[in-house]
Amino acid sequence: MNATVSAHKDQSTSDLYEGDNPKFEVFKYLTKGSPAPFWLFSGVCAAWGLHKDEVDLSLITISENATFLLTIKDEPIGVVRVSEPDYVGGPKAIASELAWINMLHELDGVNLVTPVPTVMGPYVAEIHQNETTKWSVISTKFIEGTVLEDMADPSSCYRVIGNWSAKFHKSARSWTEPYGFQRFSWDLLDILGPHPRWGRWEDAAGLTPAENKLLYQAMWEALAYVAKQPRNRQTWGLVHADLRPSNIIQRPDGQFVVLDFDDCGYSWYLWDYAASLTFIEHESYAPRLAYEWVEGYKESGELNDADFEMMSALSMLRRLQMLGWTTRHRADALPDGLYAAQKPGSLMCAERYLKDHNWLLEEAFANRAETQPPEPVDSRTMEVISQQ
């Protein structure tokens with residue numbers, strides 16, 4: 001999920017190891033700042049035409065990918081992402097991710113990470129660990145700045161996140177994908193099926209029978225709504241799927257840059273709303289973030305009355321998906337205290353959802369109306385939400 005070059009927490013050896021994935025055991029004994037294994041170092045230098053005596057390749061972090069900082073003569077120049085063999089569909093799927101990024105670079109007012117091609121031309125290198133194991137590797141240009149996740153109050157960036165989401169969606173609806181383009185889907189079975197991509201929320205530690213029942217009720221109610229909604233070019237297509245503060249850097253000049261596209265795939269366009277609130281739907285500031293996202297989205301896109309119900313249902317499903325994610329990741333993969341908040345926060349969200357599907361959006365616009373003069377508030381949107 002995260003492959004950023006700023007805001008890397010100090011982590012111990014075991015913290016960095018993706019314990020449920022034996023393929024990452026090759027990196028198990030690396031700590032943050034450790035040099036890359038020689039097979040990887042040599043492969044990166046060969047693929048990108050770098051002189052070994054000038055290059056350092058040091059570990060940043062490990063999540064779904066292993067990420068390394070690339071420096072030349074002590075100057076950071078890039079970030080190298082090493083993907084688990086076949087995690088997202090292999091080199092073709094990763095090349096498709098980069099093709100979409102390169103297309104999105106054409107959008108006005110959007111700043112994105114820049115992939116760097118290998119000396120042979122392709123953007124993806126296959127680097128052999130040994131005779132039987134090879135890894136898909138890409139490199140992107142280094143971006144200096146601060147990850148927005150480090151901000152005490154990220155609400156100021158959510159209007160940008162909503163606006164850019166709308167621009168991505170508008171572009172995806174009209175884009176003709178190149179031959180051979182392939183990305184996975186974030187469909188219901190991928191999110192919460194018997195074998196979801198990131199783990200089952202039912203396996204979260206310490207859930208009582210009553211808590212399980214509550215979460216199941218919320219899940220089935222949200223699923224029932226989403227399953228009935230039309231799936232067409234207007235509602236379903238290519239989405240970023242993780243456009244949130246941990247994947248955006250603010251450069252020294254104040255401009256934002258989107259970093260991470262490795263979760264991009266096919267889903268409901270409004271899945272990007274749900275993803276923007278990942279892990280924090282329970283927080284007291286979440287309604288403020290939701291308000292800013294909606295207002296930003298409307299600057300470049302459209303939202304109708306049915307969209308708010310869909311956004312709320314998808315947000316409930318995302319919350320459960322990420323509770324499952326915690327069963328396969330260590331606590332220090334998240335900011336301090338956030339991992340421990342996932343179970344109680346999920347229970348709170350489920351209870352609120354069953355009482356009122358649009359509870360978060362209703363609070364978003366109600367709170368805004370109380371704290372701001374009436375002029376900035378979109379009274380039409382408030383009326384639509386309150387009537388549901």
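See above for the structure.
These remarks concern the structure in this document. Since this is a predicted model, take the numbers as computed values, not measurements.

1. Overview of the packing of aromatic side chains
For any pair of aromatic rings, geometry is given as the distance between the ring centres together with the angle between the planes.
Here comes step 1: Throughout the structure, instances matching the rule amount to 17 aromatic pairs.
Here comes step 2: Look at phenylalanine 38 and phenylalanine 41: their rings are 6.4 Å apart centre to centre, the planes differ by 35°, and that puts the pair in the tilted class. In this pair, phenylalanine 38 and phenylalanine 41 both sit in helix 2 (residues 38-48), three residues apart, roughly one turn of the helix.
Here comes step 3: Overall, the relative accessible area of 14% leaves phenylalanine 41 in the buried class.
Here comes step 4: An aromatic cluster of three or more residues is present, and its members are Phe27, Trp39, Phe68 and Trp135.
Here comes step 5: Cation over ring: arginine 173 sits above tyrosine 269, and NZ or CZ is 4.4 Å from the ring centre.

2. Section: the pairing of strand 1 (residues 55-62)
Here comes step 1: Among the eight residues of strand 1, seven are classified as buried, and the element is accordingly described as predominantly covered.
Here comes step 2: Both strand 1 and strand 2 (residues 65-72) contribute to a ladder of seven bridges, which runs antiparallel. In the sheet register, threonine 61 faces strand 2, and the bridge partner there is threonine 67.

3. Notes on the environment of arginine 200
Here comes step 1: You can see arginine 200 is positioned in the loop between helix 5 (188-192) and helix 6 (209-227).
Here comes step 2: Of the polar contacts made by the side chain of arginine 200, one reaches the side chain of aspartate 203; its length is 2.9 Å.

Rules and cut-offs
- Residues numbered from 1 in each chain as written.
- Predicted model: local features only at pLDDT ≥ 70, side-chain atom pairs only at ≥ 80, totals over all residues.
- Heavy atoms only, no water.
- Phe/Tyr/Trp six-rings, centres within 6.5 Å; stacked < 30°, edge-to-face > 60°.
- Helix = DSSP H or I, 4+ residues; strand = E, 2+ residues; numbered from the N terminus.
- Buried < 20%, exposed > 50% of the residue type's maximum accessible area, 1.4 Å probe, protein only.
- Lys NZ or Arg CZ within 6 Å of the ring centre and 35° of its normal.
- Pairing = 2+ DSSP bridges.
- Polar contact = N/O pair within 3.5 Å; in protein donor to acceptor, adjacent residues only side chain to side chain.

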